[in-house]
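Examining the three-dimensional arrangement
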Amino acid sequence: MAIKAFIFDLDGVIVFTDRYHYLAWKAIADELGIYFDETINHRLRGVSRMESLEIILEKYGGPKLREEQKEALAEKKNRIYRELLGGMSPEDVSEETRYTLRALRERKFGVALGSSSKNAKYILKKVGLSDAFDKISDGTNITKSKPDPEVFLKAAEFLGVKPEECAVVEDACSGIEAAKRAGMAAVAIGDACRCELADYRIECLKEILEIPMAAGG
Ligand code: B16
Ligand code: MG
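Note that the structure is a prediction, hence the values are computed from the model and not measured. Counting of residues starts from 1 at the beginning of each chain's written sequence and follows it residue by residue. The naming scheme follows written order: chains are lettered A onward, ligands numbered 1 onward. With pLDDT at 70 or above as the cut-off, local features in this predicted model cover only qualifying residues; side-chain atom pairs require 80 or more to be listed or tallied, and sums for whole chains, interfaces and linings still use all residues. Hydrogens and waters are ignored; side-chain quantities use all the structure's heavy atoms.

**Some details on the domain arrangement of the chain**
According to the domain assignment, the chain contains domain 1 (5–16 + 93–214) and domain 2 (18–85). Measuring from the centre of the C-alpha atoms in domain 1 to the corresponding centre in domain 2 gives 25 Å. What makes two residues a contact is simply this: any of their non-hydrogen atoms within 4.5 Å. Residue-level contacts link 15 residues of domain 1 with twelve residues of domain 2. Using a 1.4 Å probe, buried area is obtained as the accessible area two parts lose upon being combined, added over both of them. Taking both sides of the interface into account, the surface hidden between domain 1 and domain 2 amounts to around 1200 Å²; carbon and sulfur atoms contribute 40%. For every domain, the bounds stem from an assignment made automatically or drawn from a database.

See the structure below:
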């Protein structure tokens with residue numbers, strides 16, 4: 001079936017905020033005396049906030065935390081993270097990224113965001129990309145995070161296209177798996193290129209425009 005729309009992951013594809021996630025989680029981990037490093041941080045890619053906390057708590061040796069304590073920790077992490085996001089600007093998005101998004105729309109493809117983040121709209125605003133997407137599916141409209149396909153199925157629904165008419169661009173293997181479970185084509189960039197489920201592998205975003213399915217809408 002012909003591809004009518006592209007759904008982009010945010011963190012790791014459009015913007016690179018994992019350093020901010022790392023610094024914010026590190027502050028929480030340090031407060032609890034938990035070992036946390038960049039390798040553990042890597043496991044948090046594409047994973048929801050509460051699931052990220054559970055991964056960090058795997059190394060926690062203290063008394064069992066109640067649900068409300070966990071929620072308070074996740075909220076605190078988010079406050080620190082948003083403070084760091086506050087320093088973002090349009091310079092945090094490459095010209096190549098802007099060009100690729102524009103070119104796809106000029107070719108009449110639907111362009112949506114499919115991100116696990118509840119901060120997606122804030123990030124898009126900070127980097128001046130609020131108008132670059134036709135529809136946004138993010139952490140605020142899902143109950144299950146990647147590798148569950150919900151975030152991408154919602155994006156297709158918002159765009160008014162069938163799942164099999166969509167291609168997802170992802171940097172995390174959990175996102176590639178989610179795309180395939182949604183019945184969509186999966187384009188891998190960065191780390192996700194080692195994921196066997198990927199249909200296409202690209203080194204930089206504008207290579208999307210050279211994939212035959214993006215030739216014209
Ligand atoms: P928030 P993506 C994901 O974004 C991040 O990769 C992941 O590290 C983060 O935990 C998740 O969003 C939730 O983010 O705390 O802002 O709701 O890659 O799906 O765009
Ligand atoms: Mg990502």
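This is not the end of the story, as more comes after the structure.
**Quick notes on the sheet that holds strand β4 (residues 166–170)**
Spatially, β3-β2-β1-β4-β5-β6 is the arrangement adopted by the six strands of the open sheet, whose pairing is parallel. Of all strands in the sheet, those with a lone pairing partner are β3 (135–137) and β6 (200–202), marking the two edges. Strand-to-strand, the axes of this sheet are offset by a mean angle of 25 degrees, without reference to chain direction. In terms of strand pairing, β4 meets strand β5 (residues 185–189) through four bridges, oriented parallel. The residue of β5 that forms the bridge with Glu170 is Ala188. In this analysis, axes come from line fits to C-alpha atoms, helices being fitted only over the stretch in contact, and the angle between any two N-to-C directions falls in the range 0 to 180 degrees. The numbering of helices and of strands both runs from the N terminus, where a helix is a DSSP run of H or I of at least 4 residues and a strand a run of E of at least 2. Helix α8 (residues 173–181) rests against β4 and β5 of the sheet, and its axis sits at about 170 degrees to β5. Think of it this way: DSSP has to see at least two bridges between two strands before they count as a pair.

**Some remarks on the pairing of strand β1 (residues 5–8)**
A two-sided burial pattern is seen for β1, the buried positions comprising Ala5 and Ile7 on one face and Phe6 and Phe8 on the other. In this sheet, strand β2 (residues 110–114) lies alongside β1 in parallel orientation, the contact comprising four bridges. For Ala5, the partnering residue across the bridge sits in β2 and is Gly110. Strand direction decides the pairing type here: β1 and β4, joined by four bridges, are parallel. Within β4, the position partnered with Ile7 by the bridge is Val168. Here's how the labels work: a residue is buried when its accessible area is under 20% of the maximum for its type, exposed when over 50%, partly exposed in between, all with a 1.4 Å probe on protein chains only.

**With respect to the packing of aromatic side chains**
Only the six-membered ring of Trp is used, alongside the rings of Phe and Tyr, when aromatic pairs are assigned; centres must lie within 6.5 Å, and planes under 30 degrees apart are stacked while those over 60 apart are edge-to-face, with the rest tilted. Under the defined criterion, the tally for this structure stands at two aromatic pairs. When the centroid spacing of 5.2 Å and the interplanar angle of 80 degrees are considered together, the rings of Phe6 and Phe109 count as edge-to-face. Linking Phe6 in strand β1 with Phe109 in the loop between α5 (95–106) and β2, this pair joins segments that are 103 residues apart in sequence. Here Phe6 falls in the buried class, since its relative accessible area comes to 0%. Using a relative accessible area of 3% as the deciding quantity, one classes Phe109 as buried. Aromatic pair Tyr22 and Phe36: ring centres 5.4 Å apart, planes at 20 degrees, arrangement stacked.

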